[in-house]
Amino acid sequence: MESSRGPPRVKNKQAAPQQISAEQLLREAVDRQEPTLTAPTQRFADLEELQEYQGRKRTEFENYVRRNRLNFGNWLRYAGWELEQKQFARARSVFERALDCEQTNVQVWMRYIEAEMKERNINHARNLLDRAVTILPRVDKIWYKYVYMEEMLGNVGGTRAVFERWMSWEPEEAAWGAYVKMEKRYGEFERARGVLERFTIVHPEARNWIKWARFEEENGTADLVREVFAMAVDTLGDEFMDERLFIAYARFEAKLKEYERARAIYKYALDRMPRSKSAILHKQYTTFEKQHGDREGVEDVVLAKRRVLYEDQVTTNPSNYDAWFDYARLEESSPTSDPARVRDIYERAIAQVPPSTEKRHWRRYIYLWIFYALYEEIVTKDISRTGQIYTEALKLVPQKHFTFAKLWILKSRFHLRQGDLLSARKTMGIAIGTTPRPKPKLFRAYIEMEMKLYEFVRCRMLYEKWIEADSSNVTAWIKFAELERGLDDVERARAIFELATRQEVLDMPELLWRGYIDFEEDLAVSGEGGGGMEGWGRVRGLYERLLGKTGHVKVWISYAQFELGVPGEDQGVEEEGGEEGAVAKESVIRARAVFTRAHKLYKEKSLTEERVALLQAWKGFEDVHGSEAERESLAKQMPRRVKKRRRLEDGSFEEFMDYVFPADEVGGGKMSKLMAEAQRWKREREEREAAEAAEVVE
């Protein structure tokens, strides 16, 4: 009955004490393989017995080929068996019968021919090859076998005749190459040249003309090579012109140190070929000029090449601002850079205004104005033109929809570099006043400028404006307070923090409270602004106020760590350990009280995750500062992870991990007993059902 319930379950999933490797399993599997069945060796006592065996096998083969005449595997096995019996006439008969079924079967022809060649029946093989190429003139495999046999026999004339017969069918390029190689092997270069000439007529591709030129380069003269290339250019014409042909021609001339000829070839090709078909040719020309030209020639080639590329890009897509960037940078970095040409490119680029008022379409475009202004200021030193560029750029941006703080800041810094502080401040003031919601970046840049000028009153005014514009920005409040702290105005800094905490909406309130607490803690440590125990009390009060707003576990842990670091009222009290960095017992008690409060709160609200995180931090605290009894007491409260099941909306169940607290189980003892009874009843019912099922089967 156990097998009817499915496969057996593996209860113990631990690793076995004795491990077996995959290599050992494979070795044992091979060793235990049973020997395969082999046909017994037949021995014939006399000729009559042999003839009886041959007749029986022939009958079997005849039956096979009679049942399926188009299965040429049976024919080939039949013929192969006859060849093993040295019955060549019978084997030829079998091959001929197979060819009667299908004359175009290449495999039968090749096996038939190879059998004759193996038995050195040359005339039979030649006749078969002649028949085969007559019936199948487009099968190169048979032609290759034909010329191979004739050449192996030393019949060069016959081989050439076969090739000529083959070439009359205008085969693929490989066949022509084999013919040329044959002529080269026997030193018949004139014949090979004639074959190549016919080859280029049948297959006039550029790569075949290059093959002919290489042949002439190896076996002819430079004039013959030039003549071949000239014939190729005239034959192909402008319509079928290929860059590879000119590259090979130019390389040949460069190899002969005819650099002017090579340069003329490159220029001739570049003038006549479109850009889309001459990318590699441009690259090779550039490499050639780098190797054999002067510096000016190289730079002109590179610049001309890049100019053509960028012009094509900006003509195809005028809104491709990246292409405009690269084009302007190319002209700026040119050794013969012309300011008029650079300005023309920038003017053409900034004329491509984005058609929409969405900021994402303007992000790349606005950098054209910025780079234009920087070029005029740094390179041409045209200050008035730079100011005009910034002004026109700010007029062009739709300020009612969005703005670019970078543009305002760069314009302000430009005025500062010119010593015009009034214009710089005016620019930043306009930026803050005209935009519907000024960016924090504008305030930060303006305040940074005034800080460097030690205008702290203006800094305060700017912080006030920033807070008025965006009171939810925590960074503004914190920086404002840090400014007052740096000016040693503690009360003003504290008032700023207090005002910030009263705001209903803050983007990052945790940073504000963290900054306020750190501020008061620094004052308490340094003893400034009513430090000492009064200062620690302020920090404690802040933590209590923060806990009134949020009960996050990190706040409780930080509160406990703070209490642990607060020194005792009497510095002479006995401290734990007596070493440097020891903690007062009063601090330990206060920190433990914080942990206890937090644990009680989370237990009442049934916040499992927060409770677990708190207990983990509490355990680390007790491991360092607690006694043995306190550590044992806390260990009894530590949760354990258990696997539970819950029902989903569709009626199915899913397993999940949960935490069980021992302290909670003590109060629920009655419920635990009830669950145990229910599980026992369920187990007994399953055993009864299994027993009844076993009786029915018997």
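In this text, all values refer to a predicted model and were calculated from it rather than measured experimentally.

Asks: Whenever I open this one, the packing of helix H6 (residues 122-135) against helix H7 (residues 140-152) confuses me. Can you help?
Replies: The axes of two packed helices give the description: the angle between them and the distance between them. Relative to each other, H6 and H7 sit at 150 degrees, their axes nearing to 10 Å. For the element pair H6 / H7, the angle class is roughly antiparallel. Classified by chirality, the crossing of H7 by H6 is left-handed. Facing Ala 125, Arg 126, Leu 129, Asp 130, Ala 132 and Val 133 of H6, the residues of H7 in contact are Ile 142, Trp 143, Lys 145, Tyr 146, Met 149 and Glu 150. Looking at the contact of H6 with H7 residue by residue, the classes come out as 8 nonpolar, no polar and 4 charged.

Asks: Help me out: how do you make sense of the packing of aromatic side chains in this one?
Replies: Centre distance and the angle of the planes are the two values used to describe a pair of aromatic rings. One pass over the structure, following the stated rule, counts 37 aromatic pairs. Centre to centre, the rings of Tyr 346 and Tyr 372 are 5.0 Å apart; their planes meet at 10 degrees, and the pair counts as stacked. Residue Tyr 346 is found in helix H18 (residues 339-350), and its partner Tyr 372 is found in helix H19 (residues 365-378); the two are separated by 26 residues along the sequence. The exposure class assigned to Tyr 346 is buried, which follows from its relative accessible area of 4%. For Tyr 372, a relative accessible area of 1% corresponds to the buried category. Through a chain of ring-to-ring contacts, the aromatic side chains of Tyr 53, Phe 61, Tyr 64, Tyr 78 and Trp 81 assemble into a single cluster. Lying across the ring of Phe 404, Lys 359 places its NZ or CZ 5.1 Å from the centre.

Asks: Whenever I open this one, the confidence of the model for the chain confuses me. Can you help?
Replies: Do not read the fine detail of predicted coordinates wherever pLDDT is low. Per-residue confidence for the chain gives a mean pLDDT of 82, with 92% of residues at or over 70. Contacts for the low-pLDDT stretch residues 571-580, under 50 throughout, to residues beyond four places or in other chains number 10 contacts. Here residues 667-671 scores under 50 on pLDDT; set against residues more than four positions off or in separate chains, the count is 0 contacts.

Asks: I would appreciate a short explanation of the nonpolar core in the present structure.
Replies: A general trend in soluble globular proteins is that nonpolar side chains are found buried together. Among the nonpolar cores identified, the biggest contains 102 residues, and Leu 368, Leu 407, Leu 442, Leu 512 and Leu 614 are the most heavily contacted of them. What Leu 512 contacts, discounting residues up to four positions off in sequence, is Val 474, Trp 477, Ile 478, Phe 497, Ala 500, Thr 501 and Leu 506.

Asks: Hey, could you run me through the UniProt feature "domain: Pre-mRNA-splicing factor Syf1-like N-terminal HAT-repeats" (unreviewed entry) in the chain in this one?
Replies: Those places that UniProt annotates as "domain: Pre-mRNA-splicing factor Syf1-like N-terminal HAT-repeats" (unreviewed entry) correspond, in this numbering, to residues 59-205. Segment residues 59-205 splits into 78% helix and 0% strand. End C-alpha atoms: 57 Å apart.

Asks: So what exactly am I meant to see when it comes to the pattern of salt bridges here?
Replies: A side chain of one charge can pair with a side chain of the opposite charge if their charged atoms are brought near each other. If you walk through the whole model with that rule in mind, you get 49 salt bridges. Between Arg 226 and Asp 223 there is a salt bridge, and its shortest N-O distance comes to 3.5 Å. Of this pair, Arg 226 and Asp 223 both sit in helix H12 (residues 222-236), 3 residues apart, roughly one helical turn. Its relative accessible area of 16% is what places Arg 226 among the buried residues.

Asks: Would you explain the environment of Lys 644 in this entry?
Replies: Relative to the elements of secondary structure, Lys 644 occurs in strand S1 (residues 640-647). Residue Lys 644 is classed as partly exposed on the basis of its relative accessible area, which comes to 32%. Separated by 15 residues in sequence, Lys 644 and Tyr 659 have C-alpha atoms that sit 9.7 Å apart. Aside from chain neighbours lying at most four places away, what touches Lys 644 is Glu 654, Glu 655, Phe 656, Asp 658 and Val 660.

Asks: Whenever I open this one, the side chain of Gln 399 confuses me. Can you help?
Replies: On the secondary structure map, Gln 399 appears in the loop between helix H20 (383-396) and helix H21 (405-417). A polar contact is formed between the side chain of Gln 399 and the backbone oxygen of Leu 394, at a distance of 3.2 Å. Here the side chain of Gln 399 touches Thr 403 through a polar contact of 2.9 Å, side chain to side chain.

Asks: Help me understand the packing of helix H29 (residues 553-565) against helix H31 (residues 608-625), please; the structure alone is not making it clear to me.
Replies: Between H29 and H31, the shortest axis-to-axis distance is 9 Å and the interhelical angle comes to 15 degrees. Looking at the two axes, H29 sits roughly parallel to H31. In the crossing of H29 with H31, the sense of the turn from one axis to the other is right-handed. In this structure, H29 contributes Val 553, Trp 556, Ile 557 and Leu 564 to the contact, and H31 contributes Glu 610, Ala 613, Leu 614, Ala 617, Phe 621 and His 625. Looking at side-chain class alone, the contact of H29 with H31 contains 8 nonpolar, 1 polar and 1 charged residues.

Asks: I keep staring at empty space enclosed by the protein and nothing clicks. Help me out?
Replies: Over the atoms rolls a probe the size of a water molecule, and its path tells where empty space is left. Under the criterion given, the structure shown has 1 cavity of 30 Å³ or more. Its volume calculated, the largest cavity comes out at about 50 Å³. Surrounding the largest cavity, Leu 83, Phe 88, Ala 91, Arg 92, Phe 95, Ala 115, Glu 116, Glu 119 and Asn 121 form its lining. Among the secondary structure elements, those contributing two or more residues to the lining of the largest cavity are helix H4 (88-101) and helix H5 (106-118). For the lining of the largest cavity, the element with the highest residue contribution is H4, accounting for 4 residues. Its residues assigned to classes, the lining of the largest cavity shows 5 nonpolar, 1 polar and 3 charged.

Asks: Please clarify how a negative patch on the surface should be interpreted in this entry.
Replies: Together, Asp 46, Glu 48, Glu 49 and Glu 52 line one region of the surface with negative charge. By the secondary structure assignment, Glu 49 is in helix H2 (residues 47-67). The exposure class assigned to Glu 49 is partly exposed, which follows from its relative accessible area of 32%.

Asks: Is there a simple way to think about unusual backbone geometry in this case?
Replies: Across the chain, the bulk of peptide bonds are trans and the bulk of non-glycine residues have phi less than zero. Positive phi is not limited to glycine here, since Glu 170 has a value of about 50 degrees. Tracing the sequence through the fold places Glu 170 in the loop between helix H8 (156-167) and helix H9 (173-185). Even without being glycine, Asp 488 reaches a positive phi, approximately 60 degrees. Residue placement: Asp 488 occurs in the loop between helix H25 (474-486) and helix H26 (490-501).

Definitions and limits used
Residues numbered from 1 in each chain as written. Predicted model: local features only at pLDDT ≥ 70, side-chain atom pairs only at ≥ 80, totals over all residues. Heavy atoms only, no water. Axes fitted to C-alpha atoms, helices over the stretch in contact; angles between N-to-C directions. Helix = DSSP H or I, 4+ residues; strand = E, 2+ residues; numbered from the N terminus. Parallel < 35°, antiparallel > 145°, perpendicular 65-115°, else oblique. Left-handed = near helix turned anticlockwise from the far one by under 90°. Contact = heavy atoms within 4.5 Å. Nonpolar A, V, L, I, M, F, W, Y, C, P; charged D, E, K, R; others polar. Phe/Tyr/Trp six-rings, centres within 6.5 Å; stacked < 30°, edge-to-face > 60°. Buried < 20%, exposed > 50% of the residue type's maximum accessible area, 1.4 Å probe, protein only. Lys NZ or Arg CZ within 6 Å of the ring centre and 35° of its normal. pLDDT = per-residue confidence, 0-100. Core = buried A, V, L, I, M, F, W, Y, C linked by side-chain atoms within 4.5 Å. UniProt positions renumbered as here; feature names shortened; annotations may be inferred. Salt bridge = Lys/Arg side-chain N within 4 Å of Asp/Glu carboxyl O. Polar contact = N/O pair within 3.5 Å; in protein donor to acceptor, adjacent residues only side chain to side chain. 1 Å grid on protein atoms, 1.4 Å probe; cavity = no way out; pocket = protein on both sides within 12 Å on 5 of 7 lines; lining within 4 Å. Points joined across faces, edges and corners; volume = space filled by probe spheres on them. Patch = residues over 30% accessible without salt bridge, like charges linked within 9 Å, V, L, I, M, F, W, Y side chains within 5 Å. Areas by Shrake-Rupley, 256 points an atom, 1.4 Å probe, with all protein chains shown as cover. Lys, Arg positive; Asp, Glu negative; His and termini not counted. Charge placed at Lys NZ, Arg CZ, Asp CG, Glu CD.

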